[in-house]
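Structural description and commentary
Below, each chain spelled out in residue letters.
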Amino acid sequence: MKKLLLLGDEAIAQGAMDAGLSGIYAYPGTPSTEIMEYVQGSKMAEERNIHRMWSANEKTAYEAALGMSYGGKRAMVCMKHVGLNVAADPFMNSAVTGINGGFLVVSADDPSMHSSQNEQDSRYYGKFANIPILEPSNQQEAYDMAYEGFTLSEKYRVPVLLRITTRLAHSRSGVKRREVLPQHSLNLPQDTKQFILLPAMARVKYRILLSNQPNFREESLHSPFNKYFDGVDKRMGIIACGLAYNYLMENFRNGSIDYPVLKICQYPMPIELLKKITDECEEVLVVEEGYPFVEELIKGLLGTGVFVKGRLDGTLPRDGELDPDLVAEIFWKGKPLPHKTPDWISRRPPMLCKGCGHIDTFLALNEALKDYGPGHVFSDIGCYTLGANPPYNAIYSCVDMGASVTMAVGAADAGLFPSACVIGDSTFTHSGMTGLLDAVNKNSPVTVIISDNQTTAMTGGQPTPGLNRLEKICEGLGVEPDHVRVMVPLKKNHDENVKILREELEYRGVSVVISRRECIQTASKKKRAAKKSKKTNT
Amino acid sequence: MKTDIILAGVGGQGILTIATAIGAAAIKKNLYLKQAEVHGMSQRGGAVQSHLRLSSRPVASDLIPRAHADLILSVEPMESLRYLSYLSEDGWLVANEEPYKNIDDYPGMETIMNEITSLPHYVLLNADQIARKLGSPRSSNIVMLGAAIPFISGLDAALMEDGIRQVFARKGEEVVEVNLQAFRAGLQISEEKIKKI
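Counting of residues starts from 1 at the beginning of each chain's written sequence and follows it residue by residue. Here the convention is simple: chains get letters from A, ligands get numbers from 1, in the order in which they are written. Thresholds applied to this predicted model are a pLDDT of at least 70 for local features of residues and 80 or more for the giving and counting of side-chain atom pairs; totals over whole chains, interfaces and linings are not thresholded and use all residues. Only hydrogens and water are removed before side-chain values are computed, so all heavy atoms of the structure are retained for them.

With respect to a positive patch on the surface
Together, Lys525, Arg528 and Lys532 of chain A together with Arg138, Arg170 and Lys171 of chain B make up a region of like positive charge exposed at the surface. Counting from the N terminus, the helices are the DSSP runs of H or I reaching at least four residues and the strands are the DSSP runs of E reaching at least two. Position of Lys525 of chain A among the secondary structure elements: in helix H21 (residues 520-537). Burial status follows relative accessibility: with a 1.4 Å probe on protein chains alone, a residue under 20% of its type maximum counts as buried, one over 50% as exposed, and anything between as partly exposed. Since its relative accessible area comes to 45%, Lys525 of chain A is described here as partly exposed. Residues qualify for a patch when their relative accessible area is over 30% and they have no salt bridge, like charges being joined within 9 Å and the nonpolar side chains of Val, Leu, Ile, Met, Phe, Trp and Tyr within 5 Å. In this description, accessible areas are obtained by the Shrake-Rupley approach with a 1.4 Å probe, and a residue is regarded as covered only by the protein chains that are shown. One speaks of a salt bridge when a side-chain nitrogen belonging to Lys or Arg is within 4 Å of a carboxyl oxygen belonging to Asp or Glu. Charge counting treats Lys and Arg as positive and Asp and Glu as negative, with His and both chain ends excluded. In this description, the location of a charge corresponds to atom NZ of lysine, CZ of arginine, CG of aspartate or CD of glutamate.

What follows is the structure, encoded as structure tokens:
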């Protein structure tokens with residue numbers, strides 16, 4: 001069969017579909033977004049009627065996927081690493097309930113924080129939940145792991161975590177497909193109490209999960225994804241996990257490496273193989289993308305056993321993404337570079353697009369607040385977070401999805417006035433609505449500015465769950481209709497918008513200002529599509 | 001054979017389209033290929049790059065090691081220099097002359113041009129101007145792709161033209177045709193430059 005040129009994300013999507021996937025659930029988040037987008041654009045998904053709609057957030061996505069698994073069908077839920085925090089509750093508990101139809105959890109980590117607030121390592125979540133983890137080293141493995149992950153999941157009736165990182169998620173390579181499997185049909189769990197985690201039943205289920213741990217290790221020992229390559233030079237053994245294996249091999253291009261190498265791509269770690277490499281070699285180097293997860297486990301807190309090198313002793317940096325150069329430096333001091341990047345090159349950070357509605361919102365807000373001094377505006381996660389940069393300097397926080405609303409409430413509790421926040425439409429429906437309900441219930445003097453560009457813009461313009469319903473949602477949560485205001489962020493409306501914002505900022509109760517203008521990226525995309533369809537019609 | 005290419009530019013300038021076209025051609029030729037892209041936040045007017053690796057043997061790393069790139073292909077002059085440490089000793093730098101100034105502290109053009117022209121192997125062209133002349137300003141990235149082809153061993157112009165047809169097919173025959181013209185215009189400039197040396 002011809003190879004497909006796929007991103008790591010797309011390889012996962014194709015692998016899952018070929019394995020008989022019936023539903024994918026997700027909320028967009030870099031670097032995981034392209035998994036869902038690939039399924040949505042696929043003809044196969046349409047023919048097979050695979051569920052492929054975005055969810056309001058990662059928790060709702062996770063639970064819906066679990067519901068599909070309850071129905072006996074294969075389900076996958078995808079998110080970025082911090083999305084797994086949002087879905088952590090169902091994640092931890094689904095390890096205890098177990099699954100019915102095969103269940104794959106994809107978490108895409110972002111070391112070096114290219115588009116994220118932290119660089120947490122999802123493997124800890126897998127260990128936390130006591131479930132198997134798969135970590136592909138390349139696009140083909142991403143495909144194969146998605147494909148086989150369902151089998152593993154169904155064999156032990158547990159969710160399986162598939163962990164990738166930015167570099168693999170967004171890198172393309174040739175991928176060979178396998179036989180396309182049929183989808184499962186509706187088939188409820190045989191044990192009608194399987195999904196009821198009442199304490200007495202939860203204790204039983206948890207013991208089943210624990211009793212499976214040796215089986216998971218046995219699977220890792222015989223997994224085709226874990227490999228032991230012998231080497232003649234036993235002064236050092238190398239453990240390379242996931243993508244880091246490629247960075248290691250890049251430095252031994254002829255394929256011959258004198259040290260024994262243990263490639264780990266499936267967890268829990270195969271103890272026999274770890275024992276073999278630590279027994280045979282004088283010291284062990286661990287190369288892994290993310291936190292020193294394997295390194296710390298092998299080394300132990302006291303560091304009294306095997307001599308281990310890695311991120312903890314400074315052999316590799318403690319934080320940030322790995323690359324082939326960082327790995328090269330372990331083995332030899334590099335030759336001086338033939339060309340150097342000049343030091344006068346200016347930084348070019350991301351910025352709001354020319355003509356973006358967020359700009360007009362920030363300019364109006366800055367003017368409305370100018371007499372109060374800095375520090376009054378909390379914000380959230382989306383394109384508008386760039387309002388933190390000059391020339392706007394308009395916001396003072398960006399912590400997690402929805403936190404702008406609740407932090408404004410807490411700061412108002414502390415006596416800050418006015419206390420305001422700027423949150424996007426999609427972020428608001430993701431996790432802002434419950435915070436607004438808190439504010440209403442205690443009549444908190446806060447102003448929530450929903451910068452509504454009618455799309456999930458930052459991740460590429462996915463649909464927004466509360467489209468054209470934000471006023472109704474806010475009123476439904478109990479905000480006084482007189483204090484749900486709408487403005488259009490355009491230069492010509494500046495004075496009027498400043499007036500609206502001032503009035504609401506000065507109001508000693510909950511107010512919402514919806515600043516609504518469509519994202520110029522999605523607007524121009526629509527315009528181009530309309531032009532094209534007009535052309536083809538005539 | 002192997003060709004390691006750094007593609008550089010500013011978010012929105014179309015370097016991913018270049019990468020996709022090369023990728024489509026390489027797969028046809030049964031070459032091994034890895035192509036790392038930048039998605040997400042940086043796409044909003046920030047500096048973006050893509051590492052593209054073609055080889056007759058399997059490729060290990062998705063990222064190119066420093067001093068290993070055979071070619072830096074940049075659709076923006078200052079951005080061509082941002083990744084200079086990746087260029088191999090004998091590597092080529094192919095850059096668009098037209099600056100994209102969306103920052104206040106953009107360096108002087110003379111400084112940039114001096115740095116580029118002091119390299120042993122470079123091609124400079126104004127792809128925007130060429131694309132405008134063809135009546136398709138958006139095709140300047142494809143002009144740059146054309147200029148890069150002589151430096152990508154393993155791929156030839158005919159194969160690349162198939163790649164371009166494939167990438168633009170869904171946009172209609174008119175778009176395909178103007179991009180093929182853009183491609184040939186860029187190719188011609190590099191071929192002339194090579195003839196001179």
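A look at the packing of helix H1 (residues 8-18) of chain A against helix H8 (residues 139-156) of chain A
All names here are of chain A. Axis geometry follows a simple rule: fit a line to the C-alpha atoms, using only the stretch in contact for helices, then measure angles between N-to-C directions, giving values from 0 to 180 degrees. Where H1 meets H8, the axes come as close as 7 Å, and the angle between the chain directions of the two elements is 30°. Judged on the interaxial angle alone, H8 and H1 are roughly parallel. Of the two elements, H1 crosses H8, and the hand of that crossing is right-handed. From H1, Gly8, Ala11, Ile12, Gln14, Gly15, Ala16 and Asp18 reach across to H8, where they touch Gln139, Ala142, Tyr143, Ala146, Tyr147 and Phe150. For the contact of H1 with H8, the residue count by class is eight nonpolar, four polar and one charged. Any angle that falls under 35 degrees is termed roughly parallel, while one over 145 is termed roughly antiparallel, one within 65 to 115 roughly perpendicular, and all others oblique. For any pair of crossing helices, the crossing counts as left-handed if the nearer helix is rotated counterclockwise from the farther one by less than a right angle, and right-handed if it is rotated clockwise. Contacts: residue pairs with any heavy atoms within 4.5 Å of one another. All amino acids are sorted into three groups, where Ala, Val, Leu, Ile, Met, Phe, Trp, Tyr, Cys and Pro are nonpolar, Asp, Glu, Lys and Arg are charged, and the leftover types, Gly among them, are polar.

Notes on the nonpolar core
Residues and elements named next belong to chain A. Throughout this description, the term nonpolar core refers to a set of buried Ala, Val, Leu, Ile, Met, Phe, Trp, Tyr and Cys residues connected via side-chain atoms within 4.5 Å. Membership of the largest hydrophobic core comes to 104 residues, with the highest contact counts inside it found for Met76, Ile238, Ile239 and Leu248. If you tally residues by element for this core, the top one is H8, at eight residues. Those residues in contact with Met76 that sit more than four places away from it in its chain are Ile12, Ala13, Ala16, Leu21, Gly23, Ile24, Tyr25, Ile35, Ala65, Leu104, Val106 and Phe150. Of all hydrophobic cores here, the second largest spans 51 residues; its members include Ile359, Tyr392, Met487 and Ile514.

Digging into the pairing of strand S18 (residues 511-516) of chain A
Residue and element names in this part refer to chain A. A large share of S18 lies buried, amounting to six of its six residues. Every second residue of S18 is oriented toward a common face, with Ser511, Val513 and Ser515 on one face and Val512, Ile514 and Arg516 on the other, all of them buried. Handedness of the strand S17 (residues 484-487)-helix H20 (residues 494-506)-S18 crossover: right-handed. Here a crossover is taken to be right-handed if, once the strands point away from the viewer, the path from the first strand over the helix to the second is traced clockwise.

Observations concerning the sheet that holds strand S5 (residues 133-134) of chain A
Residues and elements named next belong to chain A. Read across the sheet, six strands follow the order S2-S3-S4-S6-S5-S11 without closing on themselves; strand pairing throughout is mixed. Looking at strand neighbours, the two that pair on one side only are strand S2 (21-26) and strand S11 (266-267), the edges of this open sheet. Should DSSP find at least two bridges between two strands, the strands are taken to pair. Where S5 and S11 come together, two bridges link them in antiparallel fashion. Within the sheet, the bridge partner assigned to Leu134 lies in S11 and is Gln266. Against the sheet, helix H2 (residues 33-40) contacts S2, strand S3 (74-80) and strand S4 (103-109), and its axis sits at roughly 135° relative to S2.

Observations concerning the pattern of salt bridges
One pass over the full model with this rule turns up 43 salt bridges over all chains. Across the pair Lys526 of chain A and Glu518 of chain A runs a salt bridge whose closest N-O atoms are separated by 2.6 Å.

Things to note about the sheet that holds strand S14 (residues 377-379) of chain A
The strands that make up a sheet are held in pairs by hydrogen bonds between backbone atoms, and each pair lies either parallel or antiparallel. Residue and element names in this part refer to chain A. The strand order across the open sheet built from five strands is S14-S15-S16-S18-S17, with neighbouring strands paired in parallel fashion. A strand with exactly one partner marks an edge of an open sheet, and here the two such strands are S14 and S17. Strand-to-strand twist across the sheet, computed as the mean angle between neighbouring axes with direction ignored, equals 20°. Strand direction decides the pairing type here: strand S15 (residues 419-424) and strand S16 (residues 446-452), joined by six bridges, are parallel. Pairing of Gly424 across the sheet is with Ser451, part of S16. Contacts between helix H18 (residues 425-441) and the sheet are confined to S15, S16 and S18, with S15 contributing the most and set at about 150° to the helix. Its contacts with the sheet place H20 against S15, S16, S17 and S18, and it is angled at close to 160° to S17.

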